[in-house]
Amino acid sequence: MAASSGRIVCPRCGANNFDTASFCWKCQSPLSGVAPTMGNPPPRAGTAEAGRAYVPPTALAGDEGMAKRAALWLAITLPYVGLPIGWAFMMMSDNRQRQQIGKFCVLWSCVAMVFHLLLLFVGLQSLTSMLSSLPSLIHSLQGANGGGLGGGLGGGLGRN
(Lines give C-alpha, C1' and ligand atoms only; values in the text may rest on other atoms or scores of the structure.)
Protein backbone atom coordinates (compact mmCIF):
# COMPACT_ATOMS: atom_id res chain seq x y z
CA MET A 1 0.00 0.00 0.00
CA ALA A 2 0.98 3.64 -0.05
CA ALA A 3 2.12 3.64 3.61
CA SER A 4 5.06 1.33 2.88
CA SER A 5 6.50 3.40 0.02
CA GLY A 6 9.35 5.85 0.57
CA ARG A 7 8.44 9.48 1.02
CA ILE A 8 10.38 12.72 0.82
CA VAL A 9 9.59 15.56 3.18
CA CYS A 10 10.08 18.95 1.58
CA PRO A 11 12.77 20.91 3.47
CA ARG A 12 11.04 24.20 2.65
CA CYS A 13 7.36 23.59 3.50
CA GLY A 14 7.29 20.12 5.13
CA ALA A 15 4.89 18.61 2.58
CA ASN A 16 4.89 14.84 2.10
CA ASN A 17 6.04 13.90 -1.44
CA PHE A 18 6.57 10.59 -3.25
CA ASP A 19 10.19 9.46 -3.42
CA THR A 20 10.03 9.67 -7.23
CA ALA A 21 9.15 13.38 -7.21
CA SER A 22 11.70 15.94 -8.36
CA PHE A 23 9.79 18.97 -7.10
CA CYS A 24 7.50 19.51 -4.12
CA TRP A 25 3.81 19.28 -5.00
CA LYS A 26 2.97 22.15 -2.66
CA CYS A 27 5.69 24.79 -3.05
CA GLN A 28 7.46 23.54 -6.22
CA SER A 29 10.91 23.68 -4.60
CA PRO A 30 13.46 21.14 -5.91
CA LEU A 31 13.79 17.93 -3.90
CA SER A 32 17.21 16.82 -5.16
CA GLY A 33 19.55 15.75 -2.37
CA VAL A 34 16.75 15.02 0.12
CA ALA A 35 16.76 11.43 1.39
CA PRO A 36 13.48 9.49 1.34
CA THR A 37 11.92 8.50 4.67
CA MET A 38 10.03 5.30 5.43
CA GLY A 39 7.82 6.42 8.30
CA ASN A 40 6.20 9.53 9.61
CA PRO A 41 7.73 12.81 8.43
CA PRO A 42 9.87 14.59 11.03
CA PRO A 43 8.72 17.97 12.32
CA ARG A 44 10.05 21.03 10.57
CA ALA A 45 12.97 22.80 12.14
CA GLY A 46 12.18 26.10 13.80
CA THR A 47 8.62 25.15 14.76
CA ALA A 48 7.13 24.51 18.18
CA GLU A 49 6.88 20.78 17.39
CA ALA A 50 10.62 20.42 16.77
CA GLY A 51 11.34 19.59 20.43
CA ARG A 52 8.49 17.09 20.80
CA ALA A 53 7.91 13.71 19.22
CA TYR A 54 5.86 13.82 16.04
CA VAL A 55 2.39 12.29 16.43
CA PRO A 56 0.43 11.93 13.17
CA PRO A 57 -3.20 13.01 13.16
CA THR A 58 -5.49 10.05 13.82
CA ALA A 59 -8.42 11.16 11.71
CA LEU A 60 -9.48 14.18 9.74
CA ALA A 61 -12.59 16.06 10.69
CA GLY A 62 -15.67 14.56 9.14
CA ASP A 63 -18.54 12.20 9.76
CA GLU A 64 -17.62 8.58 8.98
CA GLY A 65 -21.30 7.61 8.72
CA MET A 66 -21.91 10.31 6.14
CA ALA A 67 -18.84 9.19 4.17
CA LYS A 68 -20.07 5.58 4.15
CA ARG A 69 -23.55 6.63 3.01
CA ALA A 70 -22.05 8.73 0.21
CA ALA A 71 -19.79 5.85 -0.83
CA LEU A 72 -22.77 3.46 -0.81
CA TRP A 73 -24.93 5.73 -2.96
CA LEU A 74 -22.06 6.33 -5.38
CA ALA A 75 -21.41 2.60 -5.62
CA ILE A 76 -25.07 1.69 -6.18
CA THR A 77 -25.99 4.41 -8.66
CA LEU A 78 -22.72 4.66 -10.61
CA PRO A 79 -20.67 1.51 -9.96
CA TYR A 80 -18.38 2.14 -12.92
CA VAL A 81 -17.39 5.46 -11.32
CA GLY A 82 -17.41 4.21 -7.73
CA LEU A 83 -14.97 1.39 -8.45
CA PRO A 84 -12.00 3.56 -9.55
CA ILE A 85 -12.75 6.16 -6.87
CA GLY A 86 -12.76 3.45 -4.20
CA TRP A 87 -9.47 2.07 -5.56
CA ALA A 88 -7.97 5.55 -5.43
CA PHE A 89 -9.01 5.91 -1.79
CA MET A 90 -7.58 2.47 -0.99
CA MET A 91 -4.25 2.87 -2.75
CA MET A 92 -3.37 6.54 -2.53
CA SER A 93 -4.41 7.47 0.98
CA ASP A 94 -2.24 7.01 4.06
CA ASN A 95 -5.25 7.52 6.32
CA ARG A 96 -6.66 4.20 7.57
CA GLN A 97 -10.21 5.62 7.78
CA ARG A 98 -10.15 6.71 4.13
CA GLN A 99 -8.80 3.31 3.10
CA GLN A 100 -11.73 1.62 4.86
CA ILE A 101 -14.19 3.92 3.06
CA GLY A 102 -12.46 3.02 -0.23
CA LYS A 103 -12.81 -0.72 0.47
CA PHE A 104 -16.47 -0.19 1.33
CA CYS A 105 -17.03 1.67 -1.95
CA VAL A 106 -15.19 -0.98 -4.02
CA LEU A 107 -17.18 -3.80 -2.41
CA TRP A 108 -20.56 -2.19 -3.05
CA SER A 109 -19.51 -1.11 -6.55
CA CYS A 110 -18.79 -4.76 -7.42
CA VAL A 111 -22.15 -5.87 -6.00
CA ALA A 112 -24.00 -3.10 -7.85
CA MET A 113 -22.10 -3.85 -11.07
CA VAL A 114 -23.46 -7.42 -11.03
CA PHE A 115 -27.01 -6.09 -10.73
CA HIS A 116 -26.43 -3.47 -13.42
CA LEU A 117 -25.11 -6.14 -15.80
CA LEU A 118 -28.09 -8.37 -14.96
CA LEU A 119 -30.51 -5.52 -15.75
CA LEU A 120 -28.63 -4.82 -18.98
CA PHE A 121 -28.93 -8.48 -19.99
CA VAL A 122 -32.69 -8.53 -19.25
CA GLY A 123 -33.17 -5.27 -21.15
CA LEU A 124 -31.30 -6.57 -24.20
CA GLN A 125 -33.32 -9.82 -24.15
CA SER A 126 -36.60 -7.90 -24.19
CA LEU A 127 -35.27 -5.60 -26.92
CA THR A 128 -34.28 -8.53 -29.15
CA SER A 129 -37.67 -10.20 -28.67
CA MET A 130 -39.36 -6.91 -29.56
CA LEU A 131 -37.19 -6.47 -32.65
CA SER A 132 -37.81 -10.08 -33.76
CA SER A 133 -41.59 -9.46 -33.67
CA LEU A 134 -41.22 -6.27 -35.73
CA PRO A 135 -41.37 -7.96 -39.22
CA SER A 136 -44.68 -9.70 -38.39
CA LEU A 137 -46.08 -6.37 -37.17
CA ILE A 138 -45.03 -4.68 -40.43
CA HIS A 139 -46.60 -7.52 -42.46
CA SER A 140 -49.90 -7.21 -40.58
CA LEU A 141 -49.91 -3.44 -41.14
CA GLN A 142 -49.31 -3.94 -44.86
CA GLY A 143 -52.27 -6.32 -45.08
CA ALA A 144 -54.60 -3.90 -43.25
CA ASN A 145 -53.68 -0.96 -45.51
CA GLY A 146 -54.33 -2.76 -48.75
CA GLY A 147 -50.84 -3.71 -49.80
CA GLY A 148 -48.61 -0.91 -48.60
CA LEU A 149 -47.78 1.33 -45.72
CA GLY A 150 -48.46 4.51 -47.71
CA GLY A 151 -51.75 3.44 -49.27
CA GLY A 152 -53.98 5.49 -46.98
CA LEU A 153 -54.34 8.78 -48.87
CA GLY A 154 -53.67 7.93 -52.47
CA GLY A 155 -54.69 4.30 -52.42
CA GLY A 156 -57.97 4.83 -54.24
CA LEU A 157 -56.54 6.71 -57.26
CA GLY A 158 -56.67 4.85 -60.53
CA ARG A 159 -59.29 2.35 -59.42
CA ASN A 160 -62.77 2.08 -60.92
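Within each chain, residues carry numbers counting from 1 in the order of the written sequence. Thresholds applied to this predicted model are a pLDDT of at least 70 for local features of residues and 80 or more for the giving and counting of side-chain atom pairs; totals over whole chains, interfaces and linings are not thresholded and use all residues. Computation of side-chain values: all heavy atoms of the structure, hydrogens and water removed.

### Points about a nonpolar patch on the surface
Taken together, the side chains of Tyr80, Leu117, Leu120, Leu124, Leu127, Met130, Leu131, Leu134, Leu137, Ile138 and Leu141 define a hydrophobic patch exposed on the protein surface, amounting to about 1000 Å² of accessible area. Helix and strand assignments come from DSSP, with helices taken as H or I runs of at least 4 residues and strands as E runs of at least 2, each series counted from the N terminus. Mapped onto the nonpolar patch, the elements with two or more residues apiece are helix H3 (96-132) and helix H4 (134-144). The greatest single-element share of the nonpolar patch, amounting to six residues, is contributed by H3. Locating Leu137 in the fold gives a position in helix H4. By relative accessible area, Leu137 is classed as partly exposed at 47%. Patches here are clusters of residues that have more than 30% relative accessible area and form no salt bridge, with a 9 Å joining cutoff for like charges and a 5 Å cutoff for nonpolar side chains (Val, Leu, Ile, Met, Phe, Trp, Tyr). In short, Shrake-Rupley with a 1.4 Å probe defines the accessible areas, and a residue's cover is counted only from the protein chains shown. Definition used for salt bridges: Asp or Glu carboxyl oxygen within 4 Å of a side-chain nitrogen of Lys or Arg. Per-residue accessibility, obtained with a 1.4 Å probe over protein chains only, is compared with the maximum for each type, and a residue is labelled buried under 20%, exposed over 50%, and partly exposed between these values.

### Side note on unusual backbone geometry
For residues other than glycine, phi is negative in most cases, and the peptide bonds are mostly trans. With a phi angle near 65°, Gln28 is a residue other than glycine that sits in the positive phi range. Relative to the helices and strands, Gln28 is located in the loop between strand S2 (16-18) and helix H1 (64-77).

### Comments concerning the pattern of salt bridges
Per the stated rule, a full pass over the model turns up one salt bridge. Between Arg7 and Asp94 there is a salt bridge, with its nearest N and O atoms 3.2 Å apart. Remark: Asp94 occurs in the loop between helix H2 (79-92) and H3 and Arg7 occurs in strand S1 (residues 7-9); sequence separation between them is 87 residues. For Arg7, a relative accessible area of 8% translates into the label buried. The exposure class of Asp94 is partly exposed, given its relative accessible area of 41%.

### What about the packing of H1 against H3?
Each axis is a line fitted through C-alpha atoms, and for a helix only the stretch in contact is used; angles between axes span 0 to 180 degrees, taken between their N-to-C directions. Where H1 meets H3, the axes come as close as 7 Å, and the angle between the chain directions of the two elements is 25°. Here H3 runs roughly parallel to H1, going by the angle between their axes. Considering how the two elements wind past one another, H1 and H3 form a crossing that is right-handed. Across the interface between the two elements, Glu64, Ala67, Lys68, Ala71, Leu72, Leu74, Ala75, Ile76 and Thr77 of H1 pack against Gln97, Ile101, Phe104, Cys105, Trp108, Ser109, Ala112 and His116 of H3. Side-chain classes follow a simple rule in which Ala, Val, Leu, Ile, Met, Phe, Trp, Tyr, Cys and Pro form the nonpolar group, Asp, Glu, Lys and Arg form the charged group, and the remainder, Gly included, forms the polar group. In terms of residue class, the contact of H1 with H3 is made up of eleven nonpolar, four polar and two charged. Any angle between 65 and 115 degrees counts as roughly perpendicular, while under 35 counts as roughly parallel, over 145 as roughly antiparallel, and the rest as oblique. Each crossing gets its hand from how the near helix is turned against the far one by less than a right angle, where anticlockwise is left-handed and clockwise is right-handed. Note on definitions: a residue-residue contact is assigned when non-hydrogen atoms from the two residues lie within 4.5 Å.

### Re the packing of H1 against H2
Running from amino to carboxyl end, H1 crosses H2 at an angle of 135°, the nearest separation of the two axes being 5 Å. One way to sum up the angle between H1 and H2 is to call them oblique. Of the residues in H2, those in contact with Leu74, Ala75, Ile76 and Thr77 of H1 are Pro79, Val81, Gly82 and Ile85. Among the residues forming the contact of H1 with H2, the class breakdown is six nonpolar, two polar and no charged.

### Structural notes on the nonpolar core
Ile8, Cys10, Cys13, Ala15, Cys24 and Leu31 form the largest nonpolar core, which has six residues in total. Apart from residues lying up to four places away in sequence, Cys24 is in contact with Cys10, Cys13, Ala15, Asn17, Ser29 and Leu31. Residues belong to one nonpolar core when they are buried, are Ala, Val, Leu, Ile, Met, Phe, Trp, Tyr or Cys, and are joined through side-chain atoms within 4.5 Å.

### Remarks on the packing of aromatic side chains
A pair of aromatic rings is counted whenever rings of Phe, Tyr or Trp (Trp by its six-membered ring) have centres within 6.5 Å, and the orientation is called stacked for planes under 30 degrees apart, edge-to-face for over 60 and tilted otherwise. Inspection of the entire model under this criterion finds zero aromatic pairs. Counted as over-ring charges are cases with an Arg CZ or a Lys NZ within 6 Å of the ring centre that also lie within 35 degrees of the ring normal. The lysine or arginine in question, Lys68, covers the ring of Phe104, its NZ or CZ lying 5.2 Å from the ring centre.

### With respect to the confidence of the model for the chain
A score between 0 and 100, pLDDT records how confident the predictor is in each residue. Mean pLDDT over the chain stands at 77; residues scoring 70 or higher make up 69%. In the model of the chain, helix H5 (residues 151-154) stands out as the element of lowest mean pLDDT, 54, in contrast to H3, which has the highest, 91.

### Points about H2
For H2, with 14 residues, the first-to-last C-alpha span of 19 Å sits near the 20 Å given by 1.5 Å per residue. Taken together, the buried positions of H2 are occupied by Pro79, Gly82, Leu83, Gly86 and Met90. Looking down the long axis of H2, one finds its buried residues gathered within 105° of arc, a one-sided arrangement. For a helix, the expected span equals 1.5 Å multiplied by the residue count minus one. For this quantity, the arc is that covered by the directions from the helix axis to the C-beta atoms.

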